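Chains, contacts and geometry: an overview
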Amino acid sequence: MTEPAPRGRSAGRPKRPPTIIDVAAEAGVSRGTVSRVLQGGHNVSPAALEAVNAAIKKLGYVVNLAARSLVTQRSGSVAFLLTEPQERFFEDPNFTTLLRGCTAALAEHDIPLMLMTAGNEPERRRVIRYLAAGHVDGVLLVSSHTGNPMLEQLRQAELPVVSCGKPLGHRGRLAYVAADDKEGAKEMVRHLIDTGHRRVATITGPQDTPGGVERLYGYREVLAEYGIPYDEQLVAVGDYSRAGGEAAIERLLGQAPDLDAVFVASDLMADGALTALERAGRSVPGDVAVGGFDDSSVAATARIPLTTIRQPWDRISEEMVRLLLAQIAGEEPATVILPTELVIRDSA
C-alpha cells in the first residue's frame, strides 16, 4: 500500500532551493535589504546584517551568480594569472603559497579564484582573449617580466589588475603589492658581513624581474657601506629555479674560488647551491655561508636549514585582494610595500 505524499508537497517533487524572498521573510527585512547584504552590506544596519546572514545560514541560501551578473554586469570571479611556464607553478612553493592566500582572502567575499598560466605566446593569446571577454572582474598578476606584453594587453582590456611585485616600467600606472626587496637584501648581506665574511658573492634573480633588480641593488649598496669593492666575478645571474642555483654557484666557484659567503635571491636557488657546494667539498656554513630569500617551505626543510629573508606572504595575499576589490569598486590603483624579516638558521 502506497503512503500518501506529505501535505503541501507533491509526491516525488524535490524541495525547491530557498530564494531571496525566503531569506527576507526569515530575517524579517525587505528584499532590498537582503540584496544590499549580498552586494557587500553597504547602508545596512548591524542588526539587519546579522539577521540576514543568520537567515542565509539557516536556509542554506546560495547566491545565483548568473542572475547577479546580469544585474551587476560583473562575473563574480577573479583570475590568478601566472606569467611563467606551468611547471614553474609546481616547482616554486612561493606560487602555491600566494595562490592559497589569495584564495582564502577572496573566499571571505564569496568570490572564486581562477588559476591561469601564460608562459608562452599561444597561452598569452588564449588567456587575454578569455579575460578581455569579461569572464573575470579583475586579475592578480604574478611574476611579470619586463617586456611581457600581457601587462599592456590587460590595460587595453580595461581590467583591474594588481601585480605581485613592482611592475618594472609601469610604476604609477599599475597597482602592486611588494615586499621590500632591496631592504631585505641589505639586511641579509649585512648579516653575512657582520658574521666575519668578506668575499660575499650573490646569485641574483633574473634581471628582467623586480626581485632580481632590487635585491642586486641591495647587495651593491651594502658592499659600498662597508667599503668592499664590487666584483663582477662574485655575481652570477640565476632564474629562481633549483637547477639555476646549482649552476650559478658552480660558475661562482670557478670564477672566485675564495668566496666565503653567498647571498642567493631565492630559497629554491639556495637549495640548489647547497647541493653544488656539497659536491664541491665545501662545508656550509664552515667554508661558505649561504643566505636565501623568501622563507618558503624549502628554507626550513633544506639539507641545511636556510638563513633567509622572510616575505610576509599572508599579508601580500591579503593586500593584493584588497587593492583589486577596491579597483573593481571604482577606486584608483594603489601600491603597498611590506617589510621583510631576517630569519637565522644553520646555513649562515
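The structure displayed is predicted, hence computed values, not measured ones. (Residues numbered from 1 in each chain as written. Predicted model: local features only at pLDDT ≥ 70, side-chain atom pairs only at ≥ 80, totals over all residues. Heavy atoms only, no water.)

Counting 45 residues, the largest nonpolar core has I203, Y219, I249, V262 and V290 as its most contacted members. Elements represented by at least two residues in this core include exactly α9 (181-194), β6 (200-204), α10 (210-225), β7 (235-237), α11 (242-255), β8 (261-264), α12 (267-279) and β9 (289-291). Counting residues per element, this core draws most heavily on α12, at six residues. What V290 contacts, discounting residues up to four positions off in sequence, is V262, V264, A270, L274, L277, V284, L306, T307, S347 and A348. The next biggest cluster of nonpolar side chains, apart from the first, holds 29 residues, and it includes C102, L106, V177 and L325. (Core = buried A, V, L, I, M, F, W, Y, C linked by side-chain atoms within 4.5 Å. Buried < 20%, exposed > 50% of the residue type's maximum accessible area, 1.4 Å probe, protein only. Helix = DSSP H or I, 4+ residues; strand = E, 2+ residues; numbered from the N terminus. Contact = heavy atoms within 4.5 Å.)

As a further point, take the sheet that holds strand β1 (residues 78-82). Taken in spatial order, the six strands make up an open sheet running β2-β1-β3-β4-β5-β11, and their pairing is parallel. Strands with a single pairing partner mark the edges of an open sheet, and in this sheet they are β2 (113-117) and β11 (335-338). Averaged over all pairs of adjacent strands, the angle between their axes in this sheet comes to 15 degrees, without regard to strand direction. Packing against the sheet, helix α7 (residues 121-132) makes contact with β1, β2 and β3 (139-142), and its axis sits at approximately 150 degrees to β2. Seen against the sheet, helix α8 (residues 149-156) touches β1, β3 and β4 (161-164) and runs at an angle of roughly 170 degrees to β3. (Pairing = 2+ DSSP bridges. Axes fitted to C-alpha atoms, helices over the stretch in contact; angles between N-to-C directions.)

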